[in-house]
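For reference, the chains in residue letters:
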Amino acid sequence: MRPAEGPPPHLGPSVLLLLQFLLPPTSAFFPNIWSLLAAPGSITHQDLTEEAVLNVTLQLFLERPPPGRPPLRPEDFLGRTLLADDLFAAYFGAGSLSRRFRAAVGEVSRANAAQDFLPTSKTDPDLHFDAERLVQGRARLLTALRETLAAARALDYTLSRQRLGAALHALQDFYSHSNWVELGREQPHPHLLWPRQELQHLAQASDPTCSDCEQLSCPGNLLDSQLLTSGYFGTHPRKPPGKCSHGGHFDQSSSQTPRGGINKDSTAPGFSPHHELHLQAARLALQASVQVLSLLRSRLGDRDFSRLLDITPASSLSFVLDTTGSMGEEINAAKVQARSIAERRRGSPLEPARYVLVPFHDPGFGPVFTTSDPDSFWQQLNKLHALGGGDEPEMCLSAVELALLHTPPLSDIFVFTDASPKDALLTNRVESLTQERRCRVTFLVTEDPSRAPTRARREVLSPRRFEPYEAVALASGGEVIFTKDRYIQDVATIVGESMADLVTLPLEPPVLAAGRLLAFRVDELLHRITVRVHGESISSFWIRNPAGVSQSQEEGEGPLGHTRCFGQFWMVTLNDPPQAGTWEIHVTAAGIPRVRVQARTSLDFLFHFGIPVEDGPHPGLYPLAQPVAGLQTQLLVEVTGPGSRALSGHRGPHFHSVVLRGVPEGTELGRVPLEPTGPLQRGLLAAWLPPMLLSAPGSFSLELIGQDGAGQGLHRAALQPCTVVPVLLELSGPPGFLTPGSKAPLSLHIASFSGPQDLHLRTSVNPSFPLTSNLSRVHLGQNESAWGRLWLEVPHSATPDSVVTVTVTAVSGEARSVPPTFAFLRLLVLALAPQVQSAATDHSARPVLPTRGAARGPSTLVTGGGAPGRAAGSTWWSMIVGVLLLRLGSQ
């Protein structure tokens, strides 16, 4: 990425006028909504990031009218609080889900906030524009943007969002930590994003910048100067005489003369000596964030920019295929489904955003094929044929792991095989990876006795050999479907059904038993409900609605819906609209049947975990991938759909509590109230996880309980279970990107909060780069932690713009029943830009982000001079930026 030589777009005087009336006198630049506990009414990094994304998304929607729908008009968004759900409904149609978009924006926001918490970034002055390291800070900012582009072009949008969050954090900090606002500037810095332009009028080491201030509030402590400076924080680097501090209770440098500070991070004088200037800093930080996103849009093109932020209701299509000689029918079934999905959804909002294909056999698996072009995917799929092999077991879980590393979050992965896994030792790691990636894995297993002569057995196989598939499916929220070869074409139709953003309805009781009545609740927001029943020796079943009307397993149309049967697999599609209330299912079978009820709905939720941090310089919510045993943890729920509007006082659906159940036994572990937190219109709910749940490692499920607009019960379950892990395991990368031929240091932090732990540490890298560690075993007492160092060697042959995944596993050396803990780190390999100069010692250094063409897909590269984006300086665009600030102003 190489920004054009022109200045960045100014957003026009109308923006400033709107901001004066729409933004309240609040503060910014604390990490996330938990920061409001320390400084009520603040606008945070999370706020600024979300508002900037909505700005640019609305701009994109206004400039690209939706196919077959009337174009959006700027005036339609004046005078109202804009939500992501409303924006998607206006563009894609009523009921269109913004869940993936909100999840992607959440990834960016959490990566932004994490810069204030991660040990490798929280005190690095270059990442926060502290300590007058302004040139170095710009170099790191531009590097993060270059990594954002490269990761997006490598189709690793998760990593791209992480780097974008880091870039936005640094950019926003510039306006809070420097004196740009105090200098009277009313526009973002014109050269900060343009590496060939020098940063002018920088304070030098010999220039005094601040006078002494012994009060919490220091409005006049900057010396009368036109030099650009920023405050020192802490003791590294040490503040020279006459220089400004960052300021606040936790800044050790602020007690050294000159005392006080200049940061504008919050409304609280105890944190921010220049708190009264926060409004101006917030305005400029938001405008600058919009500029960055507009620049990325111009470099990636609209299609790839939309994929970066999941500005689409569509999911991805991922296939993992066994290609041994007995798999001809299964491969054909996958081809039929892929062709059907591509043809039905081509050009529509539901066209898959990504296609992923991973073949496997024995002894090999892969390579992975990823594309955004349906024709390329079809051509690659069509090259696969069932050849060779034919014995059992196979390298299935290795292939699933490879697919997970390349499949976007919140996606479905479908595995076609007729063999058990040879690599069952990967089960725990794949389970953890499905939850880290939030992907659901469904196995379609054909065990047909009529084909026994074609499938050789290397060994006597256990009847429990498919348990690794069951474990992965359970952990991911998927399922294992056993069928026969002659039915696979029909059973595979669930691929298309499952790509419709379905929710799985909780069953009561949650654990199935032969002959036991099952119940599920239907509300007014559910439609297109499907009931799947399968298993061994099922003789009959029936479904009954709340009015007492029943339908049995016979194929065809019935009083409640349409039934299809393929051997021992039934699929019942209920008539719309389904009657609200409690429905019942009864199955008669020799064994334990498998029953799953799924539906489409506009109401769903996202969630994540964190530890509130209130006693440091950056109060907020420290994000956790999973809860940790013995560590008090908060659950944050984000309601998507009409439920968020109900929280603002409208009559409508709402959730009031969360039920936590043990997995797989289904025992209720706790029921805790959900409390609204942050701005009501965001649909954010929070709850403390009960101590009993966190007392020991184990899996649990989340179910939200509430009421719809008619007073009927609401019941939603999380996509997949969660896991309380035994220890906190954190893996951090180097401050910059990897380069071929380099050796990169990684940091490992491990802590125990629930008792003594004797742990063995294992590492793996994909692709297989050499990795060494100084820590292979550690013994921890309760509330003890340890640090380790790893060195990753990147070979000279490493492909630039490729992604490396490092995995560290902590395994208990004593109790075999204690599950392992995993940490995953994604890193980017980039070629060194030949024009990049070291910014460490020279204020005149000008880091350059080199231009390169789109590596894959239909990306568009804008190389002309002038401002990025489209009509960025026009009056209507200025008005739209102000419109989105209505949401900030309403807090």
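For the structure, see preceding data.
Attention here is on the structure that accompanies the text. (Residues numbered from 1 in each chain as written. Predicted model: local features only at pLDDT ≥ 70, side-chain atom pairs only at ≥ 80, totals over all residues. Heavy atoms only, no water.)

### Examining the state of the cysteines
- Using the criterion set out here, one finds 2 disulfides in the structure.
- Between cysteine 210 and cysteine 244 runs a disulfide, and the two sulfur atoms are separated by 2.0 Å. Given an S-S torsion of about 95 degrees, the disulfide between cysteine 210 and cysteine 244 has right-handed geometry. On the criterion of sequence distance, the pair formed by cysteine 210 in the loop between α6 (157–177) and α7 (278–300) and cysteine 244 in the loop between α6 and α7 is long-range, its members being 34 residues apart.
- Cysteine 213 shares a disulfide with cysteine 218; S-S distance 2.1 Å. Around the S-S axis, the bridge from cysteine 213 to cysteine 218 shows a dihedral of about -90 degrees and counts as left-handed. (Disulfide = S-S within 2.5 Å. Helix = DSSP H or I, 4+ residues; strand = E, 2+ residues; numbered from the N terminus.)

### Observations regarding the packing of aromatic side chains
- One pass over the structure, following the stated rule, counts 25 aromatic pairs.
- Seen in terms of ring centroids, tyrosine 91 and phenylalanine 92 are 4.9 Å apart; in terms of plane orientation they differ by 90 degrees. Their pairing is edge-to-face.
- Looking at phenylalanine 92, the relative accessible area reads 16%, which means it is buried.
- Connected via pairs of aromatic rings, a cluster forms that spans Phe61, Phe88, Tyr91, Phe92 and Phe101. (Phe/Tyr/Trp six-rings, centres within 6.5 Å; stacked < 30°, edge-to-face > 60°. Buried < 20%, exposed > 50% of the residue type's maximum accessible area, 1.4 Å probe, protein only.)

### A few points about the pattern of salt bridges
- Summed over the entire model, instances satisfying the criterion amount to 33 salt bridges.
- A salt bridge links arginine 297 to glutamate 63; the shortest N-O distance between them is 2.8 Å. Of this pair, arginine 297 sits in helix α7 while glutamate 63 sits in helix α2 (residues 45–63), placing them 234 residues apart in sequence.
- Residue classification places arginine 297 among the buried positions, given a relative accessible area of 1%. (Salt bridge = Lys/Arg side-chain N within 4 Å of Asp/Glu carboxyl O.)

### Here's the deal with the sheet that holds strand β12 (residues 538–544)
- Reading across the sheet, the 4 strands line up as β10-β17-β12-β13 and stay open at both edges, with antiparallel pairing between neighbours. Each end of this open sheet is capped by a strand with a single partner; those strands are β10 (518–522) and β13 (550–552). Each adjacent strand pair in this sheet contributes to an overall mean axis angle of 20 degrees, direction not counted.
- Pairing of β12 with β13, which is carried by 3 bridges, proceeds in the antiparallel orientation. What sits directly across from isoleucine 543, in β13, is glutamine 551. (Pairing = 2+ DSSP bridges. Axes fitted to C-alpha atoms, helices over the stretch in contact; angles between N-to-C directions.)

### Let's talk about the sheet that holds strand β6 (residues 440–446)
- The sheet built from 6 strands is open, its strands ordered β3-β2-β1-β5-β6-β8 with mixed pairing. If you trace the sheet from one side to the other, it starts and ends with β3 (369–371) and β8 (480–483), each paired once. This sheet shows a mean twist of 15 degrees between the axes of neighbouring strands, independent of strand direction.
- As judged from the 5 bridges shared by strand β1 (residues 317–322) and strand β5 (residues 412–417), these two strands associate in the parallel manner. By the bridge assignment for β5, leucine 321 is matched with phenylalanine 416.
- In the packing of helix α10 (residues 374–382) onto the sheet, contacts are made with β1, β2 (355–360) and β3, and the angle to β2 comes to roughly 10 degrees. (Contact = heavy atoms within 4.5 Å.)

### Points about the pairing of strand β33 (residues 777–780)
- Residues Val778 and Leu780 of β33 are buried on one face, while the alternating residues Arg777 and His779, pointing to the opposite face, are not.
- Examined bridge by bridge, strand β31 (residues 757–766) and β33 share 4 bridges and lie antiparallel to one another. Bridge assignment links histidine 760 to a residue of β33, and that residue is arginine 777.

### Here we look at the nonpolar core
- Within the largest apolar cluster, 63 residues are counted, with the highest numbers of intra-cluster contacts made by Phe61, Phe101, Leu171, Tyr175 and Phe305.
- Listing elements by their share of this core, those giving two or more residues are α2, α3 (84–92), α4 (99–114), α5 (134–153), α6, α7 and α8 (302–308).
- Take this core: its biggest share by element is 10 residues, from α7.
- Apart from residues lying up to four places away in sequence, phenylalanine 101 is in contact with Val53, Leu54, Thr57, Ala84, Phe88, Leu309, Asp310 and Ile311.
- Counting 35 residues, the second-largest nonpolar core is a separate cluster that includes Val639, Leu685, Val724 and Ala751. (Core = buried A, V, L, I, M, F, W, Y, C linked by side-chain atoms within 4.5 Å.)

### A short note on the pairing of β1
- By the criterion of burial, β1 is predominantly enclosed, with 6 of the 6 residues buried.
- Two elements, β1 and β2, share 6 bridges in a ladder whose sense is parallel. Paired with serine 318 across the two strands is valine 356, which belongs to β2.
- In terms of handedness, the path from β1 via helix α9 (residues 328–345) over to β2 forms a crossover that is right-handed. (Right-handed = clockwise from strand over helix to strand, strands pointing away.)

### Brief notes about α9
- For α9, with 18 residues, the first-to-last C-alpha span of 26 Å sits near the 26 Å given by 1.5 Å per residue.
- Phi turns positive, to about 80 degrees, at glycine 347, one or two residues after α9. (Expected span 1.5 Å × (residues − 1).)

### Some words on empty space enclosed by the protein
- Applying the stated criterion across every chain yields a total of 6 cavities of 30 Å³ or more.
- There is about 80 Å³ of room inside the second largest cavity.
- Looking at the second largest cavity, it is lined by 13 residues, and the ones nearest its centre are Asp310, Ser316, Ala353, Arg354 and Pro408.
- Tallied by class, the residues present in the lining of the second largest cavity amount to 5 nonpolar, 3 polar and 5 charged. (1 Å grid on protein atoms, 1.4 Å probe; cavity = no way out; pocket = protein on both sides within 12 Å on 5 of 7 lines; lining within 4 Å. Points joined across faces, edges and corners; volume = space filled by probe spheres on them. Nonpolar A, V, L, I, M, F, W, Y, C, P; charged D, E, K, R; others polar.)

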